[in-house]
There are 2 protein chains.
Amino acid sequence: MAEQVRAIRTRQTILMSAAKVFESRGYQAATISEILTAAGVTKGALYFHFQSKDELAQGVLSEQDQRIVVPERASKIQEMADTVLLHAHRLQVDPLVRAGVRLSMDQQPGLDRSGPFLRWGEISTEMITKAQAQGELLPHVVPAETADVIVGAFAGIQSMSQAVSDYADLPGRVSALLRHLLPSVTMPAVLASLDLSDTRGADVYAEAVKILEAQDAEPDAGIKTPTA
Amino acid sequence: MAEQVRAIRTRQTILMSAAKVFESRGYQAATISEILTAAGVTKGALYFHFQSKDELAQGVLSEQDQRIVVPERASKIQEMADTVLLHAHRLQVDPLVRAGVRLSMDQQPGLDRSGPFLRWGEISTEMITKAQAQGELLPHVVPAETADVIVGAFAGIQSMSQAVSDYADLPGRVSALLRHLLPSVTMPAVLASLDLSDTRGADVYAEAVKILEAQDAEPDAGIKTPTA
């Protein structure tokens, strides 16, 4: 059991170091030996978990967004907005999330960029479908179409923010995006009760971290560490 | 004069070849010798026009969107939508535009990615400001904010389309983006007269090319070749 926990920790250390190297150097320029140096682990330990640079990149991509999540909300449209605003905030503070986005935007042959788009598309479609079932949306809405617009638009807004301000203006830009998109799909009475402000992401993050810390304080916390 | 025309043509040949190499290989992996081979020009000819790979990339970026433009429209919101839909269509058919977008999305140290975002932001702000002055927009609209949402969102929608379908589904995605964004900024009566369909981009392209061909048929057409 102790060995298993150690292996999970080593895997996390390698992924965090890979994230930092991928974020600063990009997929193509990054080398496994740079990641080894950054992680401070042996070659054997790294290859036990990841056979190649591509597997490391896929590991970083799939490791995003697994532990810090938006708590369930009564309004599913608020829950979706919170997911977007939380992700924007995490881009400012979490190297794993920054690297994941950089990797999914990098257009490298051999690295499939479609995964994160499709995964986020499915998550968003599910939330929008729930919002529709609850009567929160205007009758013309096609959930998968609206989901893809939000996912694609967010990807570009974050890229623009990274290019012009290194993410400093991201919360404001994402708030503006939601204020432009949601009125065309949301019932007016629901719209009036949404919080789409640029400080919302940091608040949701603090809330999510608090919930996570409470879980980690429980005796069986070790088992909850993601192993995907 | 003949020599000047030849120099302009050589420059265009080099830029088209650089565009293809940048698009398929990315900025970092692309080499000047690959571009030389693709262009079929001498090293001297290339260095006469461009001193470095960075200058070639900046040349490709600044060469976009200069000759094929949307004709003036009575509705400035339609003109802006047409600009977006035309750009989406050109991404499907023009290597220079594809390479320009790839370069502006590539996150390479040493290559400033903010230029295209800021330039598109200014162009869009100008169009939205005109639309506002004509009374086409709802009173709360802040032109620069709406412009940045459209520019950023478009960048991501095209990246998502490239990742999941190699641009095959781009017109439908861009039409969906505009149908989601414009209702929150446009007066209902104006909105009802807009064409935001997914075939609009190809129609505007055909219209723009026709105008360009008519200009090129004039005797002084050579002078109109861009030299920027």
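Only a predicted model underlies this, so the values are computations on that prediction, with no experimental measurement involved.

About the thresholds
Residues numbered from 1 in each chain as written. Chains lettered and ligands numbered in written order. Predicted model: local features only at pLDDT ≥ 70, side-chain atom pairs only at ≥ 80, totals over all residues. Helix = DSSP H or I, 4+ residues; strand = E, 2+ residues; numbered from the N terminus. Rg over C-alpha atoms; globule rule 2.2 N^0.38 Å. Buried ≥ 20, exposed ≤ 12 C-beta atoms within 10 Å, placed from the backbone. Contact = placed C-beta atoms within 7 Å. Least-squares fit on C-alpha atoms with pLDDT ≥ 70 in both. Domains from an automatic or database assignment. pLDDT = per-residue confidence, 0-100. Core = buried A, V, L, I, M, F, W, Y, C linked by C-beta atoms within 7 Å. Axes fitted to C-alpha atoms, helices over the stretch in contact; angles between N-to-C directions. Parallel < 35°, antiparallel > 145°, perpendicular 65-115°, else oblique. Nonpolar A, V, L, I, M, F, W, Y, C, P; charged D, E, K, R; others polar.

Draft legend 1. Structural view of the overall build of chain A. The helix and strand tally for chain A stands at eleven helices and zero strands. Taken from N to C terminus, the helices and strands of chain A fall in the order α-α-α-α-α-α-α-α-α-α-α. A compact globule built from 228 residues should have a C-alpha radius of gyration of about 17 Å, and chain A, at 19 Å, falls within 12% of that. Principal-axis analysis of the C-alpha atoms gives chain A an extent of 60 × 45 × 30 Å. Per-residue burial for chain A yields a buried fraction of 42% across its 228 residues. Taking all contacts inside chain A whose residues are at least 6 apart in sequence as the whole, residues at least 24 apart take part in 70%.

Draft legend 2. Summary view of the relation of the copies chain B and chain A. Once chain B is rotated about the relating axis by 180° and shifted along it by 0.0 Å, it coincides with chain A to within an RMSD of 0.1 Å. Here the two chains are linked by the operation of a two-fold rotation axis. Mapped onto chain A, 100% of the interface residues of chain B again fall at the interface, so both copies present the same surface.

Draft legend 3. Just unusual backbone geometry, in detail. Residues and elements named next belong to chain A. Even without a glycine there, the phi angle at D166 is positive, about 50°. By the element assignment, D166 lies in the loop between α8 (143-165) and α9 (170-181). Here Y167, not a glycine, exhibits a phi torsion of approximately 80°, which is positive. With respect to the helices and strands, the residue Y167 is situated in the loop between α8 and α9. Residue Y167 is classed as partly exposed on the basis of its C-beta count, with 19 C-beta atoms lying within 10 Å.

Draft legend 4. Just the interface of chain B and chain A, in detail. Counting residues at the interface gives 34 residues for chain B, matched by 34 residues for chain A. Within the residue set of the side of chain B that touches chain A, elements represented by two or more residues are α1 (2-29), α6 (95-105), α7 (114-133), α8 (143-165) and α9 (170-181) of chain B. Take the side of chain B that touches chain A: its biggest share by element is 15 residues, from α8 of chain B.

Draft legend 5. Spatial organisation of the domain arrangement of chain A. Residue and element names in this part refer to chain A. Partitioning chain A into structural domains gives domain 1 (2-63) and domain 2 (76-220). Taking the mean C-alpha position of each, domain 1 and domain 2 sit 26 Å from one another. Taken residue by residue, the interface counts 14 residues in domain 1 and 14 residues in domain 2. For the side of domain 1 that touches domain 2, the element with the most residues is helix α1 (residues 2-29), which contributes nine residues.

Draft legend 6. Up close: the confidence of the model for chain A. Residues and elements named next belong to chain A. Here chain A shows a mean pLDDT of 88. Residues at 70 or above account for 90%. Ranking the helices and strands of chain A by mean pLDDT puts α9 first, with 98, and helix α6 (residues 95-105) last, with 78. Contacts for the low-pLDDT stretch residues 221-228, under 50 throughout, to residues beyond four places or in other chains number ten contacts. Predicted as a complex, the structure gets a pTM of 0.80 and an ipTM equal to 0.79.

Draft legend 7. Examining the environment of D148 of chain A more closely. Note on placement: D148 of chain A falls in helix α8. Owing to 26 C-beta atoms within 10 Å, D148 of chain A belongs among the buried residues under this scheme. Along the primary structure D148 of chain A and F117 of chain A are separated by 31 residues, whereas in three dimensions their C-alpha atoms are 8.2 Å apart. Contact partners of D148 of chain A, with chain neighbours within four places excluded, come to G121 of chain A together with R173 of chain B.

Draft legend 8. Main features of the nonpolar core. Counting 116 residues, the largest nonpolar core has V60 of chain A together with V60 of chain B as its most contacted members. Setting aside residues no more than four positions away along its own chain, V60 of chain A makes contact with L15, A18, A19, F22, L96, A99, G100 and L103 of chain A.

Draft legend 9. Representation of the packing of α1 of chain A against α1 of chain B within the structure. Closest axis-to-axis distance for the α1 of chain A/α1 of chain B pair is 9 Å, and the angle between their directions is 130°. It follows from the interaxial angle that α1 of chain A and α1 of chain B lie oblique. Residues G26, Q28 and A29 of chain A of α1 of chain A form the contact with α1 of chain B, whose own contacting residues are G26, Q28 and A29 of chain B. In terms of residue class, the contact of α1 of chain A with α1 of chain B is made up of two nonpolar, four polar and no charged.

Draft legend 10. Layout of the packing of α9 of chain A against α8 of chain B. Contact geometry of α9 of chain A with α8 of chain B gives a least axis separation of 10 Å together with a crossing angle of 90°. Between α9 of chain A and α8 of chain B, the angle is such that the two are roughly perpendicular. Residues R173, A176, L177 and H180 of chain A of α9 of chain A form the contact with α8 of chain B, whose own contacting residues are E145, T146, D148, V149, G152 and A153 of chain B. A per-class count over the contact of α9 of chain A with α8 of chain B returns four nonpolar, three polar and three charged.

Draft legend 11. Fine view of the environment of A7 of chain A. All names here are of chain A. Position of A7 among the secondary structure elements: in helix α1. Note on A7: 14 C-beta atoms within 10 Å, which makes it partly exposed. Counting along the chain gives 41 residues from A7 to F48, while the straight-line C-alpha distance between them is 9.5 Å.

Draft legend 12. Structural view of the environment of P116 of chain B. All names here are of chain B. Inspection of the secondary structure assignment puts P116 in helix α7. Classification of P116 as buried rests on a count of 22 C-beta atoms within 10 Å. The sequence separation of P116 and L46 amounts to 70 residues, and the corresponding C-alpha distance is 24 Å.

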